[in-house]
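If you want the building blocks of each chain, they are given just below.
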Amino acid sequence: MGRTMTATMLAAATILAGPAGPAMAKQADKMNDKEQKAVDARAAAIVDAMTFDEQVSLTRSQAGGSLLDLGIPLPSFIPEAMRQPKPAGALGTAGYVAAIGRVNFPALHLADASLGVADIGYLRPGQQSTALPATLSLAATFDPAMAREAGRIVGAEAFAKGINVMLAGGVNLARELRNGRNFEYLGEDPLLAGALVAEQIRGIQDHHVASTIKHYTLNPQESGRFVYDARIGEAALRESDLLAFEIGIKRGQPASIMCAYNKVNGTYACENEFLMRDVLKGDWKYRGWVMSDWGAVHSLKPSVDAGLDQQSPQDQDYFAGLPAAVKAGEISSARVRDMAFRVVRSMEAVGALDNRAAPGGAIDKEAHSARAQALAEAGMVLLKNDGVLPLAATAKSIAVIGRHADKGVPLGGGSSQVIPWGGVYRDAPGANPLSALLAPSYGLSSPLKALQAALPAATIVFDGGSDAARAADVAKAADLVIVYAVKPEMEGIDHADFALPYGQDAMIDAVATANAKTVVVLQTGNPVAMPWLGKVGAVLEAWFSGQRGGEAMAAILTGKSAPQGRLPISFPASADHLPHKMVVGYDPAKQRPLGIGVQYDPFPIDYVEGSDIGYRWFERTGAEPLFPFGFGLTYTSFGYDALEFRGGKALSVKARVTNTGAREGTEVAQLYVAAPGRTHRLAGWAKISLKPGESREVTIDADPWLLLSYDEAAGQWARPRGEYHFFVGKSAGEPMLDGAAVLTAATEKRER
Ligand code: BGC
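1. Observations concerning the sheet that holds strand 14 (residues 424-426)
The sheet built from three strands is open, its strands ordered 13-15-14 with antiparallel pairing. Two strands lie at the open edges of the sheet, namely strand 13 (409-411) and strand 14, each paired on one side alone. If you compare each strand with its neighbour and ignore which way they point, the axes differ by 40° on average. Pairing of strand 13 with strand 15 (residues 441-443) involves three bridges; the strand directions are antiparallel. Within strand 15, the position partnered with Leu411 by the bridge is Ser441.

2. With respect to the environment of Tyr216
Tracing the sequence through the fold places Tyr216 in strand 5 (residues 210-216). A relative accessible area of 0% places Tyr216 in the buried class. Between the C-alpha atom of Tyr216 and that of Tyr261, which follows or precedes it by 45 residues, the distance is 8.7 Å. Residues contacting Tyr216, with those up to four places away along its chain left out, are Leu242, Phe245, Ile257, Met258, Cys259, Ala260, Ala269, Leu275, Met276, Val279, Leu280 and Trp284. A polar atom in the side chain of Tyr216 sits 2.8 Å from the backbone oxygen of Leu275.

3. Focus: the pairing of strand 19 (residues 538-541)
When a strand is regular, its side chains alternate between the sheet's two faces. Burial along strand 19 is two-sided: Ala538 and Leu540 facing one way and Val539 and Glu541 facing the other are all buried. Across four bridges, the pairing between strand 11 (residues 381-385) and strand 19 is antiparallel. When the bridges of strand 19 are listed, Asn385 appears paired with Ala538. The sheet contact formed by strand 18 (residues 518-524) and strand 19 spans four bridges and is parallel. Among the inter-strand pairings, Leu522 is bridged to a residue of strand 19, identified as Glu541.

4. Focus on the pairing of strand 21 (residues 638-646)
Taken together, the seven bridges between strand 21 and strand 22 (residues 652-659) define a ladder with antiparallel strand orientation. Across the sheet, Tyr640 pairs through a bridge with Val657, a residue of strand 22. Counting the residues that bridge the hairpin from strand 21 to strand 22 gives five residues, and of these Gly648 lies at a positive phi of roughly 95°.

5. What about the site of the ligand?
Close to the ligand lie 13 residues; Asp112, Arg181, His215, Asp293 and Glu491 are nearest. Contact between the ligand and Asp112: an oxygen atom at 2.5 Å from a side-chain N or O atom of the residue. Summarising the interface, the protein chains cover 93% of the accessible area of the ligand, which totals 310 Å² for the free molecule. Each residue belonging to the shell around the ligand can be placed in one class, and the counts come to five nonpolar, two polar and six charged.

6. Focus on helix 17 (residues 468-476)
The complete set of buried residues in helix 17 reads Ala471, Ala472 and Ala475. All buried residues of helix 17 fall inside an arc of 100° around its axis, so they share one side. Set apart from the buried face of helix 17 by more than 90 degrees, the exposed residues are Ala469, Asp473 and Lys476. Of the surrounding secondary structure, the elements contacted by the buried residues of helix 17 are strand 12 (397-401), strand 16 (459-463), strand 17 (480-487) and helix 18 (504-514). N-cap assignment for helix 17: the residue whose side-chain oxygen lies 3.0 Å from the backbone N of Ala469 is Asp467.

7. Topic: the sheet that holds strand 21
Sheet strands pair by backbone hydrogen bonding; their relative direction is either parallel or antiparallel. The strand order across the open sheet formed by three strands is 21-22-25, and the pairing between neighbours is antiparallel. Edge positions in the sheet fall to strand 21 and strand 25 (695-701), since each of these pairs with one other strand and no more. Across the sheet, the axes of successive neighbouring strands diverge by a mean angle of 20°, strand direction being ignored.

8. Quick look at the nonpolar core
Residues Phe105, Met166 and Tyr216 are the most contacted members of the largest nonpolar core, which totals 142 residues. Ranked by size, the runner-up nonpolar core spans 37 residues in total, among them Val481, Val483, Leu522 and Leu578.

9. Some thoughts on the domain arrangement of the protein
Each domain of the protein was delimited in the assignment, giving domain 1 (52-349), domain 2 (367-558) and domain 3 (636-748). A straight line from the C-alpha centre of domain 1 to that of domain 2 covers 32 Å. Taken together, the 44 residues of domain 1 in the interface contact 47 residues of domain 2. When domain 1 packs against domain 2, close to 3,800 Å² is buried across both sides, 64% of that on carbon and sulfur atoms. If you look at where domain 1 meets domain 2, you find three salt bridges. One can count 20 residue pairs in polar contact (both at pLDDT 80 or more) joining domain 1 with domain 2. Going through the elements one at a time, helix 5 (135-140) and helix 6 (144-160) are the ones with two or more residues in the side of domain 1 that touches domain 2. For the side of domain 1 that touches domain 2, a count of residues per class yields 22 nonpolar, 12 polar and 10 charged.

10. Some thoughts on unusual backbone geometry
Cis peptide bonds are those with omega within 30 degrees of zero, and the linkage from Lys214 to His215 qualifies with -10°. Among the structural elements, His215 can be located in strand 5. Here the bond from Leu389 into Pro390 is cis, since omega is -5°, no more than 30 degrees from zero. Relative to the helices and strands, Pro390 resides in the loop between strand 11 and strand 12. Here Gln253, not a glycine, exhibits a phi torsion of approximately 50°, which is positive. You can see Gln253 is positioned in the loop between helix 9 (241-252) and strand 7 (256-259). Here Gln253 falls in the partly exposed class, since its relative accessible area comes to 40%. The backbone phi angle of Asn265 is positive, close to 45°, even though this residue is not glycine.

11. Description of the pattern of salt bridges
What the rule picks out here adds up to 50 salt bridges. Here Asp354 makes a salt bridge to Arg42, at a shortest N to O gap of 3.0 Å. Pair noted here: Asp354 is in the loop between helix 13 (333-349) and helix 14 (365-379) and Arg42 is in helix 3 (residues 33-49), with a separation of 312 residues, a long-range link. A relative accessible area of 55% means that Asp354 is categorised as exposed. Linking Arg83 and Glu80 is a salt bridge whose minimum nitrogen-to-oxygen distance equals 3.9 Å.

12. Overview of the state of the cysteines
One way to say it: the disulfide is the covalent bond shared by the sulfur atoms of two cysteines. Taken as a whole and assessed by the stated rule, the structure comprises one disulfide. Disulfide pairing places Cys259 opposite Cys270 at an S-S distance of 2.0 Å. Classification of the bridge connecting Cys259 and Cys270 rests on its S-S torsion, roughly 110°, and on that basis the disulfide is right-handed. With Cys259 in strand 7 and Cys270 in the loop between strand 9 (267-268) and helix 10 (273-283), the pair connects residues that are 11 residues apart, well separated along the chain. For Cys270, a relative accessible area of 0% corresponds to the buried category.

13. A short note on the packing of helix 6 against helix 14
Running from amino to carboxyl end, helix 6 crosses helix 14 at an angle of 150°, the nearest separation of the two axes being 11 Å. The angle between helix 6 and helix 14 falls in the class roughly antiparallel. In this structure, helix 6 crosses over helix 14, and the sense of that crossing is left-handed. Facing Met146, Glu149, Ala150, Ile153, Ala156 and Glu157 of helix 6, the residues of helix 14 in contact are His368, Arg371, Ala374, Leu375 and Ala378. Considering only residue class, the contact of helix 6 with helix 14 consists of seven nonpolar, one polar and three charged.

Cut-offs applied
Residues numbered from 1 in each chain as written. Predicted model: local features only at pLDDT ≥ 70, side-chain atom pairs only at ≥ 80, totals over all residues. Heavy atoms only, no water. Pairing = 2+ DSSP bridges. Helix = DSSP H or I, 4+ residues; strand = E, 2+ residues; numbered from the N terminus. Axes fitted to C-alpha atoms, helices over the stretch in contact; angles between N-to-C directions. Buried < 20%, exposed > 50% of the residue type's maximum accessible area, 1.4 Å probe, protein only. Contact = heavy atoms within 4.5 Å. Polar contact = N/O pair within 3.5 Å; in protein donor to acceptor, adjacent residues only side chain to side chain. Near = heavy atom within 4 Å. Areas by Shrake-Rupley, 256 points an atom, 1.4 Å probe, with all protein chains shown as cover. Nonpolar A, V, L, I, M, F, W, Y, C, P; charged D, E, K, R; others polar. Arc of directions from axis to C-beta. Core = buried A, V, L, I, M, F, W, Y, C linked by side-chain atoms within 4.5 Å. Domains from an automatic or database assignment. Buried area = accessible area lost by both parts, 1.4 Å probe. Salt bridge = Lys/Arg side-chain N within 4 Å of Asp/Glu carboxyl O. Disulfide = S-S within 2.5 Å. Parallel < 35°, antiparallel > 145°, perpendicular 65-115°, else oblique. Left-handed = near helix turned anticlockwise from the far one by under 90°.

Rendered as structure tokens:
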């Protein structure tokens, strides 16, 4: 950059290098050789003291809870594994492996997951947990420190409940924007998703609880998840979904990884040699254990040979045949020892053998709930504001409209479902007990009450929004209107389109026609279409906001807290602009909670976009999204100038960011880089808070990972020499400063 770094510049550089710099994160995470050897030696001693049968016992988990405990009639499609009585010693979690007392190895209690310690159906009565905002909301913070903190909350609570393996760390990239599980994942970008999932995992493991990364890989939709074949070229896969896993694994060091249900290029993920043997355990030298998703195993020997170490609960128990296969010489006893060693070593590496999780530990509910609120606020994304927000403290009459906005906020459903402190409201009028259990549920943080508490002088009227004409009448009579719109999501269920359910699009249209001062708060786990966008005054994407979501939304709406989230996922203007106009294989009749009891014929999905997911697809096709990846407004404005950059062996970009508005605010300056002939990729970012008029120079070093392309023929990563166009912008669609840097050629061996 041709100038000496000043103290301020250094400070800025440090802020940036911390979260985004691979070198730092890698070193911090890496145990030194001595520590590594000590872990290996202790694990080896334990495994070698086990009998063969004891080693085998670690290669299978059984259901740790039983639907029988619900005391309700169970339909025939419920798998056998879920109707067995709860094993003695189990806690009611998704998976359980009995302790091996002789060698003092603890039982494994495997529980979901990323948004808090889950309990899908009150299988652990009274076991409520802090409901964190959706993982997608966490991605919207662009804040690795917050991901670490979210992980720590999960880890601390799991530990206090006696759970020592969390099935967290969902990092499937958002290739399908109608996927019912996107709320559990971290959006469409491999660097953002990988960097944040790593911190989430580290946070969990900080509490001596093993964490998992999942679902390995290409499981970006629920429709047909047990049967479809995800087809993609190797380079495209390595540069996208595998890259997210690679970053997450190398920085986060998860104890375990979960292979997915689907096939990848013709072979089931849990018996896929390329994915597990070649890439994960070969190229990346992963030392933890691979567990299957629940019901994802289709064979014994092919799975074990490919690298699967542990079968999770399922009816067809292939791994029961392991001892016989060893006896017959089909699988070696050395491989069985390796499978057991990987489990033991990982538990030792996270400190779970010396620090034993036990039920009944103390949890600081109040502190965790307060932090859940802070995380929710940080993840909310302001999409439109014509000046109506923040709400004036003088606002006198407000209409609050929205399905269950008097009761609470939607929670994501499925295996990751958390029962928040205080319980849930289930939106299931007249349903049978099982359907009620699987119905959309709401944490009891009432947006209405929270807003009233934040604006005690205002008169607030409420309408549930089920009748558009009635809602419009209520809106007309008020000074201003807040519509809390919902689109619940549930594992097993994808969407046909981007519409809001329950007639809400028509209702919002009618309300906004009656009163232009309408603010729409979206509580969704995916992009939505917003046909009424031009008519409303403001739109806030609040996602599923967790334990104190109502309070978090009120804080942003009233300006007590400033919006700072950025979209981790593109909002398309039309389904016609997407690689697939419909979810491939979508069948409305087969959208069932968790996909239980649904039969599909196998079908392929061709990922024609390759690694050009989301914003990169829009660049490639020239289509304009409704809101681009990285987008988010604040209550102030920012200017960019004074660009400097340095190329050569690396790319470092410096710019000055100035708060040009009247309020303090947070900017996320994003660096996008395109290798010659390729689309731009997010290569780093800087999140900074500035007071009105304040300027700061930020340095963003492009993550070296994102300058490389995978050269399939040579079997290595390469950075071709050439001009790398880059821009620093407010989002993928709003470049503020740009340039072209000449980078030298380089190749990287697979081990980085
Ligand atoms: C999900 C996994 C989950 C497992 C155990 C499966 O249906 O795909 O994400 O960890 O169930 O609950």
